[in-house]
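Residue-level listing of the chains:
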Amino acid sequence: MKTSNPVLARLGQAAERERSAGYAPAGPYGQPGIPQQYPSQAGYPAAPPAVAPMTVDDVVVKTVALLGILGITAAAAWVLVPDSLVSTAWIGAAVVGLVLGLIISFSRMANPALVIAYAVVEGVFVGMVSKAFETLYDGIVLQAAVASFGIFFLMAMLYKAKVIRATPAFVKGMIAAMVGLFAVMMINLVLALFGVNTGLRDGSPLAIGFSLVCIVVASLSFVLSFKEIEDGVRMGLPQRYSWVAAFGILVSLVWLYIEILRLLSYFQGDD
């Protein structure tokens, strides 16, 4: 099964290597493959251990687990971190999370420990950002959380109904859009550190438009994750790669939540 996703293609090559070592791909309905059988008589090698293939259920379980870790960490950070250290914790978690996210994204092998560490760090980041916004705008965190999960389930239904499909052109366009937005946000952050206001995060009409673009792209990024999961199951990727798929969903959810939080704050006005 070919895919236009280069990262998934590398994972597929890894799965091929594991299959050649005694692992058979999943069947047409996602049931575990049958490992290769070797004669057990004297003089023949023993059958290598079978590797369980990834399923959609695996991804769901891992995603829920990561969201639970993020939620618990966010709540703990909200309660335990004093107000005077909110900004420091926010910035520190953002930097560490960015580094971990890049390592996971460009890694050739699935690493559950790194993914879990990312969820913990992002929990601190989300908790600190949420605390800062909730202090200024009462009730905004709940609104943003409900909107984020609502959009996620809507995109899941649209994908399942084949209203939105991850065609090669769609994938290329989304990757270009996400890379472009990431570059713009990094440039804006650097300029902000030097006191330059670009208008992208100050509540102006330009800022509202930029947040809307980010929300649309973040929402559509779920389609890429759903496609990766679908292809991964068909390609018979080992079960541990479900952590990578869950990581992708977590990244999109956190990005979407932060952007909705920003957008809602623009319409709250000054207290």
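This text goes with the structure placed above it.
Residues numbered from 1 in each chain as written. Predicted model: local features only at pLDDT ≥ 70, side-chain atom pairs only at ≥ 80, totals over all residues. Heavy atoms only, no water.

A separate point is the side chain of Asp-58. Tracing the chain through its elements places Asp-58 in helix 2 (residues 56-80). Although Asp-58 is buried, it forms no salt bridge, and the closest oppositely charged side chain is Lys-62 at an N-O distance of 4.6 Å. For Asp-58, the contacting residues outside a window of four places in its chain are Pro-53, Gln-239 and Ser-242. (Helix = DSSP H or I, 4+ residues; strand = E, 2+ residues; numbered from the N terminus. Buried < 20%, exposed > 50% of the residue type's maximum accessible area, 1.4 Å probe, protein only. Lys, Arg positive; Asp, Glu negative; His and termini not counted. Salt bridge = Lys/Arg side-chain N within 4 Å of Asp/Glu carboxyl O. Contact = heavy atoms within 4.5 Å.)

Turning next to helix 6 (residues 168-193). Taking 1.5 Å as the rise per residue, helix 6 with 26 residues should run 38 Å; its terminal C-alpha atoms sit 38 Å apart, in good agreement. Along helix 6, the positions that sit buried rather than exposed are Phe-170, Val-171, Met-174, Leu-181 and Asn-188. Buried residues along helix 6 sit against helix 7 (205-235) and helix 8 (242-266). Of the residues flanking the end of helix 6, it is Gly-195, one or two places downstream, whose phi is positive at about 80°. (Expected span 1.5 Å × (residues − 1).)

Here the focus is helix 5 (residues 140-160). Note on helix geometry: an α-helix contains 3.6 residues per turn, so any two residues three or four positions apart are oriented the same way. A rise of 1.5 Å per residue sets the reference length of helix 5, with its 21 residues, at 30 Å; its end C-alpha atoms lie 30 Å apart and thus fit the reference within 8%. Taken residue by residue, helix 5 has Ile-140, Val-141, Ala-144, Ser-148, Phe-152, Met-155 and Tyr-159 as its buried positions. Along the axis of helix 5, the buried positions cluster into a sector of 105°, meaning they face one direction only. Exposed positions of helix 5 whose direction lies more than 90 degrees from the buried face are Leu-142, Val-146, Met-157 and Lys-160. Positive phi shows up at Lys-162, right after helix 5, with a value of about 65°. (Arc of directions from axis to C-beta.)

All right, on to the packing of helix 7 against helix 8 then. At a minimum axis separation of 9 Å, helix 7 and helix 8 run at an interaxial angle of 165°. With respect to their mutual orientation, helix 7 and helix 8 come out roughly antiparallel. Crossing angle aside, the handedness with which helix 7 passes helix 8 is left-handed. Partitioning the contact of helix 7 with helix 8 into residue classes produces 17 nonpolar, six polar and two charged. (Axes fitted to C-alpha atoms, helices over the stretch in contact; angles between N-to-C directions. Parallel < 35°, antiparallel > 145°, perpendicular 65-115°, else oblique. Left-handed = near helix turned anticlockwise from the far one by under 90°. Nonpolar A, V, L, I, M, F, W, Y, C, P; charged D, E, K, R; others polar.)

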